[in-house]
Structures are given as structure tokens and as C-alpha cells.
Amino acid sequence: MDRRAGDPRTALGAGHSAWLSWIFSGGLREFYEGMRWDGWRSEVSVLDGRQGLSFFPPLWSAEARRDLSATSRRAVPMAELLGLGRDSCLQFDGTDPGFLGVV
């Protein structure tokens, strides 16, 4: 297994099959447990692969953590979300997130 800097397996400390096993055994549900609100399934079920949810205040903010269900949410193009994420990375620490920041 390649352990060079930038290899995604380095950050996880596991390979692809271990990651899939973690997902299928409920790890993803546990990871996102505090970031779901009542009715989230119906809100996300209408999104297509080119859309995502934009939140205000942002999910990482203290306000959103206090009351996630009170956040404003709307469907936006994924290109907009990826662009916002890329711009935030560049603004906060000067790091370009790479191809996921560009559609």
C-alpha cells in the first residue's frame, strides 16, 4: 500500500475494502448522527446528482450546531457548492482542494 503524502488511504489508515465495510456496518450513519434533522430524508430525496444542499448558517458554525433544524436550507447546483468550498479553502489557508473544487 502506498503511504505517500496525498494518498487518500494515508488519512484513513485503511484501504478501500475496509472503508466500504465501515460504511455498510453503520459507520456512516454514526458519523453523521448529529448532523441530521427531522425530515432530512424527504428533503434530500428530491435532489438529483447535480444538486446539493446549501445551509445557512454553515454546518460548522456554533449556531448550526445549537439548532440544526433551524438552519436555512436550499437546493443549489453542486458546481456552486464545490466552488464555495474551494473559495473557502483558498481564503482560510491558501490550500487548493484540487479537482473536487472544480466541476
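Here we summarise the structure given alongside this text. (Residues numbered from 1 in each chain as written. Predicted model: local features only at pLDDT ≥ 70, side-chain atom pairs only at ≥ 80, totals over all residues. Heavy atoms only, no water.)

**Let's talk about helix α6 (residues 78–93)**
One turn of the α-helix equals 3.6 residues, which is why residues spaced by three or four share an orientation.
Turning to step 1, where the next piece is worked out: The first and last C-alpha atoms of α6 sit 22 Å apart over 16 residues, in line with the 22 Å expected at 1.5 Å per residue.
Turning to step 2, where the next piece is worked out: Downstream of α6 by a residue or two, Gly-94 has a phi angle that is positive, lying close to 75°. (Helix = DSSP H or I, 4+ residues; strand = E, 2+ residues; numbered from the N terminus. Expected span 1.5 Å × (residues − 1).)

**Looking at the side chain of Ser-54**
Turning to step 1, where the next piece is worked out: Here Ser-54 shows up in strand β1 (residues 51–56).
Turning to step 2, where the next piece is worked out: Using a relative accessible area of 17% as the deciding quantity, one classes Ser-54 as buried.
Turning to step 3, where the next piece is worked out: Those residues in contact with Ser-54, other than ones at most four positions away along the chain, are Ser-72, Arg-73, Arg-74, Val-76 and Leu-81. (Buried < 20%, exposed > 50% of the residue type's maximum accessible area, 1.4 Å probe, protein only. Contact = heavy atoms within 4.5 Å.)

**Points about unusual backbone geometry**
Turning to step 1, where the next piece is worked out: Cis peptide bonds are those with omega within 30 degrees of zero, and the linkage from Phe-56 to Pro-57 qualifies with -5°.
Turning to step 2, where the next piece is worked out: If you trace the backbone, Pro-57 turns up in the loop between β1 and α5 (62–66).

**Side note on the packing of aromatic side chains**
Turning to step 1, where the next piece is worked out: Evaluated as defined, the whole model comprises 3 aromatic pairs.
Turning to step 2, where the next piece is worked out: Ring centres 6.4 Å apart and planes at 75° place the aromatic pair Trp-22 and Phe-31 in the edge-to-face group.
Turning to step 3, where the next piece is worked out: The exposure class of Trp-22 is partly exposed, given its relative accessible area of 37%.
Turning to step 4, where the next piece is worked out: Residue class for Phe-31 comes out exposed when judged on its relative accessible area of 55%.
Turning to step 5, where the next piece is worked out: Judged by centre distance (5.5 Å) and plane angle (75°), the rings of Trp-37 and Phe-55 are edge-to-face. Here Trp-37, found in the loop between α3 (27–31) and α4 (40–45), pairs with Phe-55, found in strand β1; they are 18 residues apart in sequence, far enough to count as distant.
Turning to step 6, where the next piece is worked out: Here the aromatic cluster, defined as three or more aromatic residues joined through ring pairs, consists of Trp-22, Phe-31 and Tyr-32. (Phe/Tyr/Trp six-rings, centres within 6.5 Å; stacked < 30°, edge-to-face > 60°.)

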